[in-house]
Amino acid sequence: MNLKIPRGSTYHKITEEIKDLYFSIFSDLNNQKIINQFEEKFANYNGSKYSVTFPFARTAFHYAIRSLNIEKNSEVIMSPITIKPILDVVILNGLKPVFVDLNKNDLSYDLVDLKKKITSNTKLILITYLFGVVPNLSKFNKDEFKIDNLKIIEDFSQCLNGKYEGKKTGNFSDISIYSCSSIKTLDTYGGGVAFTNNKDNFQLLKEFQKKLKSPKRFFLIKKILINIVRTVITNLTLFNFLTYYILRFANIFSKNTKMLGERDKRPIKNLPISWFQKYTSFQAQKGIKSLKNIEISDNIRKKFSEKYIKSLEKFFNFPLGFDKSQNIYWQFLIYVKDPKELKNKLLKKGIDTSTTSLEKLNKLSKYSFDFQLHNVDEIYNHSLFLPCFSKLKEKHIDKVIYEIRKIKEEEKK
């Protein structure tokens with residue numbers, strides 16, 4: 001079983017991306033009719049009434065906060081594990097982030113800690129579906145918290161097509177956001193989408209959208225080039241004969257284990273201008289074409305995840321979500337005592353794994369944050385992602401299982 005297996009990949013074919021690069025140079029970027037078509041189709045696909053496109057999910061989040069009229073100095077309940085720009089949006093809107101510990105089984109808020117952290121000044125709860133796991137959403141019933149003007153926003157960027165009691169994620173809040181960035185299941189070379197079932201919220205979001213600046217073509221071309229590089233280096237043939245050996249060599253000198261490497265942890269003083277240019281009609285057209293393939297790749301990934309769970313449950317624990325939920329397993333996570341040690345052992349066997357590139361916000365020293373959250377530490381410091389993307393074949397999953405079992409048997413000796 002001399003297969004070499006990458007940690008992840010984009011959801012595009014290299015031939016498609018090269019064509020997209022060529023046509024992005026000449027295509028119209030400002031066809032609002034196509035953008036409206038994508039918004040309508042994506043909303044229908046998600047079982048939502050409305051959707052509005054933005055250049056980033058963080059931009060969609062910014063305008064969601066403004067549309068919901070969250071007053072300054074209000075407290076925002078948020079996941080300690082997410083991208084740093086979400087934190088920057090909260091702070092630069094004059095709001096106070098409140099980090100709640102997570103439940104290891106569903107990667108969402110620990111209910112006991114959540115109730116401790118909610119106060120009369122809590123005006124927003126941000127639900128983040130980490131790694132495609134769907135929690136018990138009944139615990140986020142606003143009526144139970146008994147707080148005036150409490151709003152909920154979902155970030156389901158990692159959980160498109162996740163379901164709770166048959167209802168899709170993105171429909172359990174006032175406004176929800178989705179990121180169409182690289183390696184997401186719907187990747188349109190960047191972009192973010194806000195969803196809502198409230199007409200007033202929709203109209204406010206559309207007004208904000210109209211004020212965005214014209215998109216820069218270079219920005220789009222750069223995104224496509226980044227995708228091409230990622231697709232090429234994770235191509236199964238090239239990875240087997242070249243990329244894998246580069247990683248083995250780099251691993252000698254680098255201590256980094258994260259999916260997409262380290263990210264800038266410094267606070268920003270202002271929201272960047274690049275966050276406020278329009279989503280392009282070229283991206284919208286890509287989104288329309290890609291919608292039909294999402295469930296196909298979802299089903300492959302879920303099948304691989306189920307096989308991992310069945311085959312490895314005696315060795316590891318996994319976040320399995322709630323019995324009334326349908327997980328997407330955007331990334332398949334196992335809990336392990338020493339992720340780096342297992343990562344190195346698997347790399348020698350030809351299997352590239354990783355830890356998350358998301359930040360642990362409650363420990364960002366540059367923001368003067370040092371909040372102790374026990375479960376968050378466990379999740380962040382003791383988890384490893386196994387290869388589980390839809391371009392893999394069953395033989396790749398079989399190899400991962402075989403090598404892990406072999407490693408665990410050797411550890412017993």
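See the structure above.
Notes on the structure in this doc start here. Here the residue index of a chain counts from 1 through its sequence in written order. Residues qualify for local features only when their pLDDT is at least 70, as the model is predicted, and side-chain atom pairs are given and counted only at 80 or more; totals for whole chains, interfaces and linings, by contrast, use all residues. Side-chain measures were taken over the full set of non-hydrogen atoms in the model, leaving aside hydrogen atoms and water.

## Quick look at the overall build of the chain
Item 1. Of regular secondary structure, the chain possesses 14 helices and 14 strands.
Item 2. To get the radius of gyration, use the C-alpha atoms; to get the globule rule, take the number of residues to the power 0.38 and multiply by 2.2 Å. Taken against the 2.2 N^0.38 rule, which gives 22 Å for 413 residues, the C-alpha radius of gyration of the chain at 21 Å falls within 12% of a compact globule.
Item 3. Here the C-alpha coordinates of the chain stretch approximately 60 × 55 × 40 Å along the principal axes.
Item 4. Once local pairs closer than 6 in sequence are excluded, the contacts in the chain between residues at least 24 apart make up 77%.
Item 5. Summed over all atoms, the accessible surface of the chain reaches about 18900 Å², with 52% contributed by carbon and sulfur.
Item 6. Of the side chains in the chain, 71 bear a positive and 43 a negative charge, and the two mean positions are spaced by 5 Å. Segments assigned H or I by DSSP are reported as helices when at least four residues long, segments assigned E as strands when at least two residues long, and all are numbered from the N terminus. Contact definition: two residues touch when any of their heavy atoms are within 4.5 Å. Each accessible area value is a Shrake-Rupley result obtained with a 1.4 Å probe; residue values ignore everything except the protein chains displayed when judging cover. We treat Lys and Arg as the positive residues and Asp and Glu as the negative residues; His and chain ends play no part in the count. Just so you know, the charge point we use is NZ for Lys, CZ for Arg, CG for Asp and CD for Glu.

## Looking at the packing of aromatic side chains
Item 1. Each Phe, Tyr or Trp ring (for Trp, its six-membered ring) is paired with any other whose centre lies within 6.5 Å, and the angle between the two planes then decides the class: stacked below 30 degrees, edge-to-face above 60, tilted in between. Considering all chains together, one arrives at 29 aromatic pairs under this definition.
Item 2. Ring centres of F42 and F195 lie 4.9 Å apart, and the angle between their planes is 85°; this geometry places the pair in the edge-to-face category. Of the two residues, F42 sits in helix α2 (residues 32-45) while F195 sits in strand β10 (residues 192-196), which places them 153 residues apart along the sequence.
Item 3. You can call F195 buried: its relative accessible area is 1%. Whether a residue is buried, partly exposed or exposed follows from its accessible area with a 1.4 Å probe, protein chains only, as a fraction of its type maximum: under 20%, in between, or over 50%, in that order.

## Overview of the pairing of strand β12 (residues 332-335)
Item 1. Of the two faces of β12, the one carrying F332 and I334 and the one carrying L333 and Y335 are both buried.
Item 2. Any two strands with at least two DSSP-identified bridges between them are counted as paired. Pairing of β12 with strand β14 (residues 383-386) involves four bridges; the strand directions are antiparallel. Bridging from a neighbouring strand, I334 pairs with L384 of β14.

## Describing the pattern of salt bridges
Item 1. The working definition used for a salt bridge is a side-chain nitrogen of Lys or Arg within 4 Å of a carboxyl oxygen of Asp or Glu. Scanning the entire structure with this criterion turns up 22 salt bridges.
Item 2. Between K363 and D370 there is a salt bridge, with its nearest N and O atoms 2.6 Å apart.
Item 3. Through salt bridges with shared partners, one network takes in K303, K307, E394 and D398.

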